[in-house]
Amino acid sequence: MSAPGPRAADVPYLPVDPAQGSARIGLIGCGGISSWHLRAYRDAGYSVVALCDVVRDRAVERQQEFFPAADVYDDHHLLLARDDVDVVDIATHVDVRPALVRDALAAGKDVLSQKPFVRDVSEGHELVELARTHGRMLAANQNGRWAPHFAYLLSAIRQGLLGEVLSADFWVYWPHDETVADHPVFSRMTELVLFDYGIHWFDMVAQVFAGKQATEVTARVKDVRTSVIPVPTNAQVGIEFPDAQASLTFRGSSHHAEWAGYRVEGTGGVLSYTSDDYLGEGTVTLTTSAGSETLPLQGSWFANGMHGSMAEVLTAREEGRPAANDASTVLPGLQLCYAALRSARDATTVDPRLVNSADR
Ligand SMILES: NC(=O)c1ccc[n+]([C@@H]2O[C@H](COP(=O)([O-])OP(=O)(O)OC[C@H]3O[C@@H](n4cnc5c(N)ncnc54)[C@H](O)[C@@H]3O)[C@@H](O)[C@H]2O)c1
């Protein structure tokens, strides 16, 4: 009889809460995504003591729904001046965020930044260095790392269940155009799919192949005739490593039969994922020489993602160690993403080592 193989159910992938959980959180930027942050923090029992938005009513709305005892501000300097705010969660867009990160670090706060972390890798390194100088934590909210299907994948790889990873292929078919149609910041963003949305997938590729350097990125984007927004929503990306390959397929104006999946192959096994909910629940199938097992996953993209990102910051803070989502860890994924943006713009193949910025 052969030895029992790895059990799919033994791969941990759910967020882990801090033991004490006494840190107090202040949130800057109470826009659309902040409701998912605050819902996750409330459900996890975290303490949010202050909320800030330049449009004060947005902060008031979040206060009333999630943390009625929190104080409300329309000037982030006032929130940062409080001694009882330990961790600042910054959920604005990237165009204004680096200045807020600098202010928060200078005020002695630990920081969790929404994604995409920066538009420029040099600025990312500068912020990471600034955090080090101030002796503070700076983490980036690549919440996809805690989405059930991605958390499972990373955990299975770290446990060695797949051996050395040789290929990773991801597909998403979803109606992103309809989701963002009423939000002009997103619906007119030319880099919507490759940058704002795709950064989670580039980050996953960088994590899956951690320690390996990609050498070529080729990306193409396409307008879709049936799309309800005026920017490209179809994209495909190929990423070459010296001894491995990755691919991403995004079909963001797919109005019927939503579907998402991945297949990651290693020297020791294969992990595949399939879901008819593009961001969330679905099943993973782990196949090794010991056999094949399918497991339904618990949780969802936003709930697990926002919970997991902040849980990691709070836990690392308590344990006095760097967070797994330390901002330095998101820079390789950003570099892949910037290379894809340039490749799509210039219709060329791009060496990601030579690209520093999302902009020309
Ligand atoms: N991780 C995810 O799954 C996910 C999903 C959606 C959005 N996001 C990211 O979250 C960020 C915000 O997205 P959103 O949909 O909430 O945008 P949004 O436009 O709805 O909200 C941004 C908010 O920031 C506020 N703001 C701007 N400058 C400020 C300042 N100086 N001080 C305080 N508040 C300020 C605005 O008034 C606004 O309310 C973006 O970077 C986006 O890519 C992430």
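Coordinates for the structure precede this section.
This text gives an overview of the structure that appears in the document. (Residues numbered from 1 in each chain as written. Predicted model: local features only at pLDDT ≥ 70, side-chain atom pairs only at ≥ 80, totals over all residues. Heavy atoms only, no water.)

Overview of the pattern of salt bridges
Using the following cut-off: Salt bridge criterion: a side-chain nitrogen from Lys or Arg within 4 Å of a carboxyl oxygen from Asp or Glu. The helix and strand labels rest on DSSP assignments: H or I over at least four residues marks a helix, E over at least two residues marks a strand, and numbering proceeds from the N terminus. The classification of residues rests on relative accessible area computed with a 1.4 Å probe and restricted to protein chains. Under 20% of the type maximum is buried, over 50% is exposed, and intermediate values are partly exposed.
What the rule picks out here adds up to 23 salt bridges. Residues arginine 82 and aspartate 71 are paired through a salt bridge, measuring 2.5 Å at the closest nitrogen-oxygen approach. Taken as a pair, arginine 82 in the loop between α3 (76-80) and β4 (87-90) and aspartate 71 in strand β3 (residues 71-73) lie far apart in primary sequence, 11 residues in all. Here arginine 82 falls in the buried class, since its relative accessible area comes to 15%. Each of the salt bridges in this network shares a partner with another, and the network as a whole consists of Arg119, Glu191, Arg345 and Asp359.

Things to note about the layout of surface pockets
Put simply, the test is: Residues are said to line a cavity or pocket when one of their atoms sits within 4 Å of a point; the points come from a 1 Å grid over protein atoms alone, cavities being sets where a 1.4 Å probe fits but cannot get out and pockets being open sets with protein on both sides within 12 Å along at least five of seven lines. Grid points are joined across faces, edges and corners, and a volume is the space filled by probe spheres set on the points. Residues are grouped as follows: nonpolar covers Ala, Val, Leu, Ile, Met, Phe, Trp, Tyr, Cys and Pro; charged covers Asp, Glu, Lys and Arg; every other residue, Gly included, is treated as polar.
The computed volume of the largest pocket comes to approximately 1300 Å³. As for the largest pocket, its lining consists of 46 residues, of which Gly32, Ile33, His93, Phe186 and Asp196 are closest to the centre. Contributions of two or more residues to the lining of the largest pocket are made by α4 (97-106), α7 (176-180), α8 (184-187), α9 (192-197), α10 (199-208) and α11 (301-319). For the lining of the largest pocket, the residue count by class is 24 nonpolar, 12 polar and 10 charged. Empty space within the second largest pocket amounts to approximately 390 Å³. Among the elements of the structure, α6 (148-158) and α11 are those that each provide at least two residues to the lining of the second largest pocket. Considering only residue class, the lining of the second largest pocket consists of 10 nonpolar, 4 polar and 4 charged.

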